[in-house]
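Residues per chain are reported as follows:
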Amino acid sequence: MNNTIKLVFFALTIFALLYVYHITSPRNVEPVLPIVTSDAVEEACPVKNFVFVKTHKTGSSTMSNILLRYCENHRLNLLLGGYPTGTEYHYLPTKFYPPPPPGESYNAFVMHANYNYNFLRSKLPQDTKFFTIVRHPVSRYISGFRFFKSHKNYDKEDFDHSIQKHLKANKEYLVSTTQCEGCQNIMNSVAVDLGFNFNKYFRSKNKTLEVEKFIANLDQELELVLVMEYFDLSLVLLARQFCWTFEDIAYLKSLESASKPHVSEETKAMIFDFQKIDAAIYDYYNKTFWNKISKEEGIFEDLEKFQRYNEATKDKCVSQKKVGNFQFTMQYELTEFGKNDFQCLAMTSRVLPFVHLLEKRNQFRGYTVMDLIKVAC
């Protein structure tokens, strides 16, 4: 048995043991409180066919962790591509694996990809719900600029100055060119992730109309757009719309920044001027979000209940958090309970390792993760 096979077997063994603990260990948190579902929901509940259009630096890694856990707990069939290189920066590939079991279909897609509604619609059931999340374009740019270490290309000693240098170096962006140096996943990246056609926009004589048409088209495809600045409230709204429980949406922050660098108001204004497409998208969906909230009777009471439940879960899972080794982000140290609980361990897993474990499990169709260790023994 070569080293690669040994490594895979070790990973599967660990994951299987954690799953055993998950289904056998008692939970010392308050019982799951059911979400009061929205009056607007008429379809079958709970929703188990969905697409999360993952956007960069919007809390989407935390959201993906929630959704991956939901898929694992409910044994849903994930549409998985060659993550991340197969979907991260290119249009959705036509080859996905593994095929769903005979007589079944894919249920969910939650990976990074340039959004392609028609492609995804062709792969998932007709009742699939599409949703995404947005964030204010200035804070999203700042987060991305640091996370992707873009400041090191300009002035790594002065974060604020490095942003100004980056923007000045791209002063012709969307003026005389669509090219933007060092802008990947940073500049108008929500528009990029949602499939905005920048070349068409650049050629258009009425650029405002192009953005409005793009948003109007999204409105026909997306069931819900969440807002990162109101993350907990967004989760409660999602749970109401999808008939999910507090346990389904419980979370620990993924890729949480260890510190926030200083950025001057002058620099923030410069960033905003470059983010006009993302700004239009954010402004529109922030308004629609609050319009939905206004129609949800009792949602703030549910929000308080969820936050208490989530804090109780966090207290059971986490002893402390500290600065980790990955991209200036925090990592969690688990309690003794958390070390032996599947949900706690899954909540602290980054998306990529989680996906790789699911990919390995999916190679053994008809088995749960727990079954794999039994077969191996």
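Structural data are supplied above this passage.
Residues numbered from 1 in each chain as written. Predicted model: local features only at pLDDT ≥ 70, side-chain atom pairs only at ≥ 80, totals over all residues. Heavy atoms only, no water.

1. Topic: the sheet that holds strand β1 (residues 50–53)
No. 1: A sheet is described by the order of its strands in space; here four strands give the open sequence β2-β1-β3-β4, paired in parallel fashion. At either margin of the open sheet sits one strand with a lone partner, and together these are β2 (108–109) and β4 (224–227).
No. 2: Sheet topology note: the β1/β2 ladder contains two bridges and is parallel. Bridge pairing links valine 51 to phenylalanine 109 in β2. (Pairing = 2+ DSSP bridges. Helix = DSSP H or I, 4+ residues; strand = E, 2+ residues; numbered from the N terminus.)

2. Quick look at the packing of helix α8 (residues 207–221) against helix α12 (residues 276–294)
No. 1: Two numbers describe how α8 lies on α12: the axes approach to 10 Å, and their chain directions differ by 45°. Of the possible angle classes, the one that applies to α8 and α12 is oblique. Between α8 and α12 the crossing geometry is right-handed. Contacts between α8 and α12 involve Val211, Phe214, Ile215, Leu218 and Asp219 from the former and Ile277, Ala280, Ile281, Tyr284 and Tyr285 from the latter.
No. 2: Of the residues belonging to the contact of α8 with α12, the class tally is nine nonpolar, no polar and one charged. (Axes fitted to C-alpha atoms, helices over the stretch in contact; angles between N-to-C directions. Parallel < 35°, antiparallel > 145°, perpendicular 65-115°, else oblique. Left-handed = near helix turned anticlockwise from the far one by under 90°. Contact = heavy atoms within 4.5 Å. Nonpolar A, V, L, I, M, F, W, Y, C, P; charged D, E, K, R; others polar.)

3. Topic: the pairing of β4
No. 1: Side chains Leu224 and Leu226 project from β4 onto one buried face, and the interleaved Val225 and Val227 project onto a second face that is buried too.
No. 2: Across four bridges, the pairing between strand β3 (residues 129–134) and β4 is parallel. Residue pairing for β4: valine 134 is matched across the bridge by valine 227. (Buried < 20%, exposed > 50% of the residue type's maximum accessible area, 1.4 Å probe, protein only.)

4. As for the pattern of salt bridges
No. 1: Inspection of the entire model under this criterion finds nine salt bridges.
No. 2: Put simply, arginine 140 and aspartate 278 hold a salt bridge, and the shortest N to O gap is 2.8 Å. Here aspartate 278 lies in helix α12 and arginine 140 lies in helix α4 (residues 137–147), a separation of 138 residues in the sequence. When sorted by exposure, arginine 140 lands in the same class as aspartate 278, which is buried.
No. 3: Two residues, glutamate 296 and arginine 240, come together in a salt bridge whose shortest N-O distance is 2.7 Å. Of the two residues, glutamate 296 sits in the loop between α12 and α13 (299–317) while arginine 240 sits in helix α9 (residues 231–242), which places them 56 residues apart along the sequence. Per residue, the accessibility class of glutamate 296 equals that of arginine 240, and both read buried. (Salt bridge = Lys/Arg side-chain N within 4 Å of Asp/Glu carboxyl O.)

5. What about unusual backbone geometry?
No. 1: At leucine 174, a position not held by glycine, the phi torsion is positive, near 60°.
No. 2: Of note, leucine 174 is situated in the loop between α5 (159–169) and α6 (189–193).
No. 3: With relative accessibility at 16%, the residue leucine 174 sits in the buried group.
No. 4: Its identity as a non-glycine residue notwithstanding, asparagine 188 has a phi of 45°, on the positive side.
No. 5: Along the polypeptide, asparagine 188 turns up in the loop between α5 and α6.
No. 6: For asparagine 188, a relative accessible area of 0% translates into the label buried.

6. With respect to the packing of α5 against helix α11 (residues 265–274)
No. 1: Close contact between α5 and α11 brings their axes to 10 Å; oriented N to C, the two are set at 30°. Comparing the axis directions of α5 and α11 gives the class roughly parallel. Relative to α11, α5 is oriented so that their crossing is left-handed. For the pair α5 and α11, contact is made by Asp160, Ile163, Gln164, Leu167 and Lys168 and by Glu266, Thr267, Met270, Ile271 and Phe274, respectively.
No. 2: Each residue belonging to the contact of α5 with α11 can be placed in one class, and the counts come to five nonpolar, two polar and three charged.

7. Some remarks on a nonpolar patch on the surface
No. 1: Side chains of Tyr230, Trp290 and Phe300 sit close together on the surface and give an oily, nonpolar patch of about 280 Å² of accessible area.
No. 2: On the secondary structure map, tryptophan 290 appears in helix α12. (Patch = residues over 30% accessible without salt bridge, like charges linked within 9 Å, V, L, I, M, F, W, Y side chains within 5 Å. Areas by Shrake-Rupley, 256 points an atom, 1.4 Å probe, with all protein chains shown as cover.)

8. Digging into the pairing of β3
No. 1: With respect to burial, β3 is a largely interior element, six of its six residues being buried.
No. 2: What you see with β3 is no split at all: Lys129, Phe131 and Ile133 on one side and Phe130, Thr132 and Val134 on the other are buried throughout.
No. 3: As paired elements, β1 and β3 share four bridges and run parallel to each other. Across the sheet, the residue bridging to valine 51 is phenylalanine 130, located in β3.

9. Structural notes on α4
No. 1: Most of α4 sits inside the fold, with nine of its 11 residues counted as buried.
No. 2: Buried residues in α4 make contact with α5, α6, α11 and α12.

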